[in-house]
Amino acid sequence: MKRATLLAVTLGLFSFTVAQKVATPIEIGVAVAQTSNVALLGQEQVIGARLAEKFFNNQGGINGTPIKLVFQDTGGDEAGAINAFQNLIRDGVVGIVGPTLSQHAFAADPIAERAKVPVLGPSNTAKGIPQIGDFIARVSAPVAVVAPNAVKQALKLDPDIKRVAVLYAQNDAFSVSETGTFQETAKAQKLDVVTVQKFQTTDTDFTTQVTAVLGAKVDLVIISGLAADGGNLVKQLRQLGYKGLIIGGNGLNTSNIFSVCGRDCDGILIAQAYSPQQSGAINQVFVKEYRAQYKKDPPQFAAQAYTGVQVFVEALRKIDRKKKLNTWDLDDLRAELNKAILVGSYRTPLGVISFDKEGELNQKEFYVAQIKMKDARNGSFVFLK
Ligand code: VAL
């Protein structure tokens, strides 16, 4: 027997080791935020992952063997994410889709890296995620390729924009990374970044920042934060009288902000790594299923989580064709799976994707949407590009 996951079992004076086998059905871990404010994003990921589980199992799973998603709630902090990863690894999943936030990925991914368990980040867009380790890849395009699209779109809508205010959550790794990209893009587009304001993702009162923005007389506000804080910031900007365009970053990319900023969400521009209009066959199936259940178009976070599950499934099918999954030792399978993920190319709801050798995503299609509110609670993302 090859050396596999070695579980040291100690019985009195005797100690021996057992190789951990691959479970049937094939278990894939999903560690995203199902509670806390981060669940405003994580809820959509749970839905996307579940739709993928159903779709691929209907197709026969891994060449006849079903998959089973094992969910672990990360909650809203690093400790929760680490705990979720540890539980999934111990329980023997072949790989993990997660966590929701880059802030959590920088804490939890090293645990998977040390255990040699492949991770697909479904939404981690900060710079440096795939570089955490050999077992870490992502299906979420990084801020550097996503965020600039929103600034370019804002300039198309209003070529006279000159003065820009930038705000970001300084306690969140993704927000810090994204604001860097936004500020570089603004300068490259010859815009003047006249004020940079910081806040915390836990803040609810933004009077200080909004007062500074209003005083700076800007034509564009760019926000990098998460859903609850970002939504509140937009609301307070509007209530205190800001009339210009607002760009929201990836952390505001959910209809769950509608209940936070209500009518004041209207007009926010947000870059998208997914469009329901993407023409690939699998996306059309995904959109149809999603609409049937939720009576609206699927959002980016659901599509990316779906894609994470899909990549695991397709890589596992390839391995299984050469050597049945239930004949592998778990450690060996995890290592083989990591290799298979990186060499493949996948037709997903995000379009055709692949990875570079570090695990960074290659994706071609990006979009920008603008929020259109119908009333205080209902609205939609209108795709502009
Ligand atoms: N993309 C962000 C991150 O990497 C959030 C919005 C999920 O943390």
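Residues numbered from 1 in each chain as written. Predicted model: local features only at pLDDT ≥ 70, side-chain atom pairs only at ≥ 80, totals over all residues. Heavy atoms only, no water.

Per an unreviewed UniProt entry, the protein chain is named Amino acid/amide ABC transporter substrate-binding protein (HAAT family), and its organism is Deinococcus yavapaiensis KR-236. In UniProt, the protein chain has this text filed under Sequence similarities (unreviewed entry): "Belongs to the leucine-binding protein family." (UniProt positions renumbered as here; feature names shortened; annotations may be inferred.)

A. A look at the site of the ligand. L41, T100, L101, S102, S123, N124, T125, F174, N250, G251 and F301 make up every residue found near the ligand. At 2.7 Å from a nitrogen atom of the ligand is found a main-chain nitrogen or oxygen belonging to S123. One of the side-chain nitrogen or oxygen atoms of T125 is found 2.8 Å away from a nitrogen atom of the ligand. Of the residues contributing to the shell around the ligand, the split by class is four nonpolar, seven polar and no charged. (Near = heavy atom within 4 Å. Polar contact = N/O pair within 3.5 Å; in protein donor to acceptor, adjacent residues only side chain to side chain. Nonpolar A, V, L, I, M, F, W, Y, C, P; charged D, E, K, R; others polar.)

B. Main features of the domain arrangement of the protein chain. The domain architecture assigned to the protein chain consists of domain 1 (6-140 + 279-362) and domain 2 (145-272). Centre-to-centre separation of domain 1 and domain 2, based on C-alpha positions: 31 Å. Each side of the interface is counted separately: domain 1 has 16 residues, and domain 2 has 16 residues. Contact with domain 2 buries area across many residues of domain 1, yet L40, Q103 and Q300 alone supply 37% of it, more than any other trio. Applying the counting rule to domain 1 against domain 2 returns zero salt bridges. Our count for the domain 1 to domain 2 interface comes out at eight residue pairs in polar contact (both at pLDDT 80 or more). Only α1 (39-58), α3 (102-115) and α11 (300-322) provide two or more residues apiece to the side of domain 1 that touches domain 2. Top contributing element to the side of domain 1 that touches domain 2 by residue count: α1, with four residues. (Domains from an automatic or database assignment. Contact = heavy atoms within 4.5 Å. Buried area = accessible area lost by both parts, 1.4 Å probe. Salt bridge = Lys/Arg side-chain N within 4 Å of Asp/Glu carboxyl O. Helix = DSSP H or I, 4+ residues; strand = E, 2+ residues; numbered from the N terminus.)

C. The pairing of strand β12 (residues 269-272), seen in detail. Alternating residues of β12 divide into L269 and A271 and I270 and Q272, and every residue in both groups is buried. Relative to β12, strand β11 (residues 245-248) is paired through two bridges, and the arrangement is parallel. What sits directly across from G248, in β12, is I270. (Buried < 20%, exposed > 50% of the residue type's maximum accessible area, 1.4 Å probe, protein only. Pairing = 2+ DSSP bridges.)

D. Spatial organisation of the packing of aromatic side chains. Considering all chains together, one arrives at 11 aromatic pairs under this definition. Relative to Y306, the ring of F55 lies with its centre 6.4 Å away and its plane at 40°, an arrangement referred to as tilted. Taken together, the residues span a long stretch of sequence, with F55 in helix α1 and Y306 in helix α11 at a distance of 251 residues. Ring centres of Y367 and F383 lie 6.1 Å apart, and the angle between their planes is 75°; this geometry places the pair in the edge-to-face category. Of this pair, Y367 sits in strand β16 (residues 367-373) while F383 sits in strand β17 (residues 379-383), and the two are 16 residues apart along the sequence. What makes Y367 buried here is its relative accessible area of 12%. A residue is classified by how much of its surface remains accessible, and F383, at 22% relative accessible area, is partly exposed. Each residue in the set F55, F56, Y274, F286, Y290, Y294 and Y306 is aromatic and connected to the rest through ring pairs, giving one cluster. One residue, K323, lies across the ring of W328, its end atom 4.8 Å from the ring centre. (Phe/Tyr/Trp six-rings, centres within 6.5 Å; stacked < 30°, edge-to-face > 60°. Lys NZ or Arg CZ within 6 Å of the ring centre and 35° of its normal.)

E. Main features of the sheet that holds β16. Spatially, the seven strands line up as an open sheet ordered β9-β8-β10-β11-β12-β16-β17, and their pairing is mixed. Only two strands of the sheet have a single neighbouring strand rather than two, namely β9 (192-199) and β17. Averaged over all adjacent pairs, the angle separating strand axes in this sheet is 25°, with direction ignored. Of the pairings in the sheet, the one linking strand β10 (residues 220-224) to β11 comprises four bridges and is parallel in character. Residue pairing for β11: L220 is matched across the bridge by L245. The sheet strands contacting helix α8 (residues 227-239) are β8 (163-169), β9, β10 and β11, and the helix crosses β10 at an angle near 160°. (Axes fitted to C-alpha atoms, helices over the stretch in contact; angles between N-to-C directions.)

F. Molecular detail of helix α5 (residues 148-157). Along α5, seven of the 10 residues are buried, which leaves the element largely enclosed by surrounding structure. Buried within α5 we find P148, N149, A150, V151, Q153, A154 and L155. Next to the buried residues of α5 lie α4 (143-146), α6 (173-188), β10, β11, β12 and β16.

G. Quick look at the UniProt feature "domain: Leucine-binding protein" (unreviewed entry) in the protein chain. Sequence positions flagged by UniProt for "domain: Leucine-binding protein" (unreviewed entry) are, in local numbering, residues 25-372. Counted over residues 25-372, helix gives 45% and strand 19%. Its end C-alpha atoms are 43 Å apart.

H. Structural view of the packing of α1 against α11. Two numbers describe how α1 lies on α11: the axes approach to 7 Å, and their chain directions differ by 35°. Crossing of α1 against α11: the hand is right-handed. Counted together, L41, E44, Q45, G48, A49, L51, A52, E53, F55 and F56 of α1 and F301, A302, A305, Y306, V309, Q310, V313 and R317 of α11 form the full contact between these two elements. Here the residues of the contact of α1 with α11 sort into 12 nonpolar, three polar and three charged. (Left-handed = near helix turned anticlockwise from the far one by under 90°.)

I. Representation of the environment of N256. Examined against the element boundaries, N256 turns out to sit in the loop between β11 and α9 (258-261). Remark: the alpha-carbon pair of N256 and A107, spanning 149 residues in sequence, is separated by 26 Å. Setting aside residues no more than four positions away along its own chain, N256 makes contact with L40, Q43 and E44. Polar contacts involving the side chain of N256 include one to the main-chain carbonyl oxygen of L40, which spans 2.5 Å. In terms of polar contacts, N256 uses its side chain to reach the side chain of Q43, at 3.3 Å.

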